[in-house]
Structure formats: structure tokens, C-alpha cells
Amino acid sequence: MATLIFFLSAAALLQFFISYCRSLIAASIKQPLSAEVRDVTGIPNTAAGEDFARVIQLLDLCPERPEERGRIRAINAYFRLLNFVSSTLAHIIPALTTWTAMERGQCTYFAAVTLDRRIAFSRDMLAQQIDA
Amino acid sequence: MPGSIEYTIWFLASLLELCVVVCALARHSFRRYLCLNLYMLLSLLVSLGRYQVLSHYGLRSSEYKYFYFYSDAVLTIFLYLALITLYLYVFDEMKVEKYLRLTALLLLVGTALFSYGVVQQSSSVQQSSNRMLTSFFFELSQNLYFVGLVLTYVLWGAILKLRETRTQLIQLVLSLGIYFSAFAATFALGNMFPNLQSLGYVLPVFGCLLPLAWAYAFLRLSHDARMAPARLAVVPR
């Protein structure tokens, strides 16, 4: 009985986690990237999963906003999960390859939008310091 | 006594619970999600109470054990009621409030009776009534987490089916689903491997996730924000 409950709960956890991450991404996907971030990240209109690590590195260079920490960790974990699916299950179910590639691209776009916000935040902080 | 890591996680969880209430008040969502906020307040008060009892009587005292299990059962029942209020929001326009309340009550009573049956079956004749009551509350909490998980799953299905678009509500439900399923899975794992020590750390960490997600939902998402829930489904609709 405990084993059954464990597997059911783990499956539900996975499904809720994926939907939650997608809801976080969905909120940012409508926001256009600034020209500055497009130049820095090299992302034109659609982002690819291969750029994710580079955008995260750029994110680490900017001062962190405390309210974003949890979301970036969640998306990072989601991206790793997608990588895992892409390198294992996608070999058995080819339809998953397209899906994971699209999702990984959206994770990258989410990270780029966050980078955009961080740059704007840093700029505001600098302006406030100069004014003071 | 708990170590510094346990105290840090405990403090962090209490701080996050306070954050939820403050964020809800600041964004005028306190009354809209009254039951969710009351649960967070109650959880904060229980944390303070547990700390008082722990510092007075110690970790291994029966007073702390009783207080811990009774308060945990009360908190779980309250969270169950908070979940039912989310049902009421989603089914608001269908005017089925009366039926939802009745079903929720019957389900709660059914879970309590089932838990009592399990405890009575596994307890020996010599077991004291106090000990049996503690076992009952522990069993009730565990079972309510699983019932909560099933109900959240059904609610998520209803959200997708009814094309509910309120982003804040969607994120509150999804984070509650993560919380219930993480707890239910951890409890099940604990039953499968009773000697697994690391579970002692996992549960309090999971306890931080719900207030963190709710604080984010209240602080960053406006009540009017909308999204298409169909694109959140794991299986495309």
C-alpha cells in the first residue's frame, strides 16, 4: 500500500512541478526582450536550450533580486529534468525530442527575461545612488 | 534538542509564513484568500507554540510529542479546509457551494473513521488511550495529506476543463499540489523504510516550499493577471 501511495504521489509531484514551472515561464514569455539583452545573449526571436547555461552565467554576474531566487532555482531544476528526459526517454519516444527542445528554449527565454529585469534593477539602484 | 540546521529551517519556514500574510495584506488579497492566510497565521502560531513547549519540556518529552502531533493534525485539517475554499473559488459560478461543503465534510469524517479503524486494528489491548489518540492524529494527518493530494489533482483537472484563467489562483493550486504530493510521497517512503534518517530534514524543507510559492503568488501576481491554463498541462489539450 505504501509503495503504491509513494509511486502515485511521486507521479503527481512530477506533474504538478512541471505545470508549476510552465506557469512561471508562461508569465514571462509574453514580455519582449530589450535590444541590449538580445545583443548580450545573442538570442534573436526564439531562444534555444543550448543558450541556457550561458544566460545563467550572465545572470550570475548581475546583482540578485531576492524575490527571483526561488523561481530561478525551480526553472533550473526543470531544465535539468528536461535534459534528463531528452537524453533518456526521448530516444524511446521520438515525439519527446521536439517537446523537450521547445521547453528548453522557453526556459532560456525565461532566464533572458530575468536577466533583462536584473539589468534594469541594477540600473535603477545605480541611479538612486548617484541621486543620493 | 534539534541542531542548528533544524532551527534554521524552522525559523526560515516561520519567516516565510509571516511573509505570506504580509504580502497578502500589502496586495489586498488577505480577505480574498482568507482561509489560506488564516492557515499561514495558524501555522506561525503553532511554530511559536512548539518552540515554547520544546524549550520548556525538551524534544523527548511526552508533552512535546502530544503537542506536536495534535497541532499537526489541526494544521492538516485547516489546510484541507483551505483547499476546499479553492474549490469554492473555481466552482463559484456553478452555484454548487452547498454540495461542495457537504462532500468535503463527509470526506473528512470518512478519513477520520478510516484512520481510527487503522489505529484500532494495529493497537494492542494494553495501549493507553493517550497513546492511541496520538497514533490516531498521526494517522489522520498522513491520510489527509493523501486525500488532499487526490483532491488537488481533481481540482487541477477541473481548472483545465473549465479553462480557469486566474494566474494567481492557478499558482496557488499548483503549489498546494506540489506540497501535498511531496508530503504524501515522503510519508509513504517513511512507511516503506522506517529507518531512513534523512527524511527528518526533507519534511521541514518541503514545509518551506508552500509559503515561498504563496508569498510569490501574492506579491508578484496581480489578482487580474490571466493565462491560458491549457498550455500548462503536461499532456497537450
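Since the model is a prediction, treat every value here as computed from it, not as a measurement.

So, the overall build of chain A
For chain A, the helix and strand inventory stands at six helices and zero strands. The linear arrangement of helices and strands in chain A, starting from the amino end, is α-α-α-α-α-α. C-alpha extents for chain A along the principal axes are approximately 65 × 30 × 25 Å. Every one of the 132 residues in chain A was classed for burial, and the buried ones make up 30%.

What about the nonpolar core?
Core analysis: the largest hydrophobic core is formed by 81 residues, its most contacted members being Ile-75 and Ala-112 of chain A together with Val-20, Leu-83, Val-173, Ala-184 and Trp-214 of chain B. Not counting the four nearest positions on each side in its chain, Trp-214 of chain B is found in contact with Val-20, Leu-36, Leu-172 and Ser-175 of chain B.

Things to note about the interface of chain A and chain B
Contacts between the two partners involve 21 residues from chain A, matched on the other side by 27 residues from chain B. Of all elements in the fold, only α1 (2-29) and α4 (69-87) of chain A reach the threshold of two or more residues within the side of chain A that touches chain B. With 18 residues, α1 of chain A is the largest single contributor of residues to the side of chain A that touches chain B. Considering only residue class, the side of chain A that touches chain B consists of twelve nonpolar, six polar and three charged.

Topic: the confidence of the model for chain A
Reading predicted coordinates in detail is not appropriate for stretches of low pLDDT. On average, chain A scores 86 in pLDDT, and the residues at 70 or more come to 98%. Put simply, helix α5 (residues 89-92) of chain A is where chain A has its lowest mean pLDDT, 81, and α1 of chain A is where it has its highest, 89.

How each quantity is defined
- Residues numbered from 1 in each chain as written.
- Chains lettered and ligands numbered in written order.
- Predicted model: local features only at pLDDT ≥ 70, side-chain atom pairs only at ≥ 80, totals over all residues.
- Helix = DSSP H or I, 4+ residues; strand = E, 2+ residues; numbered from the N terminus.
- Buried ≥ 20, exposed ≤ 12 C-beta atoms within 10 Å, placed from the backbone.
- Core = buried A, V, L, I, M, F, W, Y, C linked by C-beta atoms within 7 Å.
- Contact = placed C-beta atoms within 7 Å.
- Nonpolar A, V, L, I, M, F, W, Y, C, P; charged D, E, K, R; others polar.
- pLDDT = per-residue confidence, 0-100.

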